[in-house]
Amino acid sequence: MKKVLLLLLTIVSLVSCSEKEPISGTDEVNYYISSYFIPQRIAFTTTVSRNGSFYLLLNTDNHRISQKENPAEFKKLAKEYGETGEKIFRLWHPPVSQPYNILKIKVYKKQNGKMTDVSEQSGIGYSDYSKFVLSKYSGEDFIPTSKKISELTAHDLKWLPERFSISPPTEKEGEYYLVITLESGKELSVHLKEKP
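## Re the confidence of the model for the protein chain
So, point 1. The share of residues in the protein chain with pLDDT of 70 or more is 85%, and the mean pLDDT across the chain is 84.
So, point 2. Within the protein chain, the element-level pLDDT minimum falls on helix 1 (residues 2-16), averaging 35, and the maximum on helix 4 (residues 154-159), averaging 97.
So, point 3. The model gives residues 1-25 a pLDDT under 50, and that stretch makes six contacts with residues more than four places away or in other chains.

Following this line, the structure appears as structure tokens:
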């Protein structure tokens, strides 16, 4: 009798789970990019560089433009990035926050007081989700991308995510600096050196 009751209890609990309940750790959204921001500084992430790459994060002191806090500006930016909010889909990772107004990226080597552009010898790595968004959410959402900084296109700069890596030349002499120029003309800079 106990086995029958236990079996019935198990069946009832399985049947009572609704397919409409959200799966833990996922959200139904109608925008892949949840907010936009103009970067104000470049920070190192907690990831330690082992192969000569520096893992960086673009950040802002200002608030981020979201659908909840500034719907008109959010929808304007979403439209520029190809999102209309018409399709609902599941997001299996944390929401994406998109930096914008990035005009160019350069890596400079400082040696003997002289700054030299070494962007042609410097690499950048990031996850590209532009194809996923522009295809209206079909295919893979994150495509690992790496190229020389000098090869970045206007499309790449527009879609650069807030987290990326930079690999300056491996020469031991000199110091390296990453400089990001915004459309306003403001420059953000970070000294690429091992964290203490």
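Still more to cover.
## Digging into the nonpolar core
So, point 1. Counting 24 residues, the largest nonpolar core has Ile105, Ile124, Phe164, Ile166, Leu178, Ile180 and Leu192 as the members making the most contacts within it.
So, point 2. Among the elements that take part in this core, strand 13 (residues 175-182) stands out by supplying four residues, more than any other.
So, point 3. Sequence-distant contacts of Ile180, that is, excluding residues within four places in its chain, are made with Ile42, Leu58, Ile102, Lys104, Ile105, Phe164, Lys186, Glu187 and Leu188.

## Some words on the pattern of salt bridges
So, point 1. For the structure shown, the criterion picks out five salt bridges.
So, point 2. Residue Glu28 pairs with Arg90 through a salt bridge whose shortest N-O separation is 3.7 Å. Residue Glu28 is located in strand 1 (residues 27-29), and its partner Arg90 is located in strand 6 (residues 89-91); the two are separated by 62 residues in the primary sequence.
So, point 3. A residue is classified by how much of its surface remains accessible, and Glu28, at 57% relative accessible area, is exposed.
So, point 4. When the shortest N-O distance is used, the salt bridge between Glu162 and Arg64 registers 3.3 Å. Of this pair, Glu162 sits in the loop between helix 4 and strand 12 (163-167) while Arg64 sits in the loop between strand 4 (54-59) and strand 5 (65-66), and the two are 98 residues apart along the sequence.
So, point 5. Classification of Glu162 as buried rests on a relative accessible area of 17%.

## Here's the deal with the sheet that holds strand 12
So, point 1. Strand order across the open sheet formed by five strands is 3-4-12-10-11, with antiparallel pairing between neighbours. Strands at the two margins of the open sheet, each flanked by one partner only, are strand 3 (41-44) and strand 11 (143-148). If you compare each strand with its neighbour and ignore which way they point, the axes differ by 30° on average.
So, point 2. Here three bridges tie strand 10 (residues 123-128) to strand 12, and the two strands are oriented antiparallel to one another. Bridge pairing in strand 12 links Gly123 to Ser167.

## Here's the deal with the sheet that holds strand 8 (residues 102-111)
So, point 1. Spatial ordering of the open sheet is given by 9-8-13-14, a layout of four strands whose pairing is antiparallel. One side of each edge strand has no neighbouring strand; the edge strands of this open sheet are strand 9 (114-117) and strand 14 (187-192). The sheet shows a mean angle of 30° between the axes of neighbouring strands, direction not considered.
So, point 2. As paired strands, strand 8 and strand 13 are joined by eight bridges and run antiparallel to one another. Each bridged residue has a counterpart across the sheet, and for Ile102 the counterpart in strand 13 is Leu182.

## A short note on the side chain of Ser66
So, point 1. Assignment of secondary structure puts Ser66 in strand 5.
So, point 2. By relative accessible area, Ser66 is classed as buried at 14%.
So, point 3. Among all residues touching Ser66, those that are not within four sequence positions of it are Ser34, Ser35, Pro71 and Phe74.

## Focus: unusual backbone geometry
So, point 1. Positive phi outside glycine occurs at Asn112, with the angle close to 55°.
So, point 2. Position of Asn112 among the secondary structure elements: in the loop between strand 8 and strand 9.
So, point 3. Notably, Lys136 is not glycine yet its phi reads approximately 65°, a positive angle.
So, point 4. On the accessibility criterion, Lys136 (36% relative accessible area) is partly exposed.

Cut-offs used in this document
Residues numbered from 1 in each chain as written. Predicted model: local features only at pLDDT ≥ 70, side-chain atom pairs only at ≥ 80, totals over all residues. Heavy atoms only, no water. pLDDT = per-residue confidence, 0-100. Helix = DSSP H or I, 4+ residues; strand = E, 2+ residues; numbered from the N terminus. Contact = heavy atoms within 4.5 Å. Core = buried A, V, L, I, M, F, W, Y, C linked by side-chain atoms within 4.5 Å. Buried < 20%, exposed > 50% of the residue type's maximum accessible area, 1.4 Å probe, protein only. Salt bridge = Lys/Arg side-chain N within 4 Å of Asp/Glu carboxyl O. Pairing = 2+ DSSP bridges. Axes fitted to C-alpha atoms, helices over the stretch in contact; angles between N-to-C directions.

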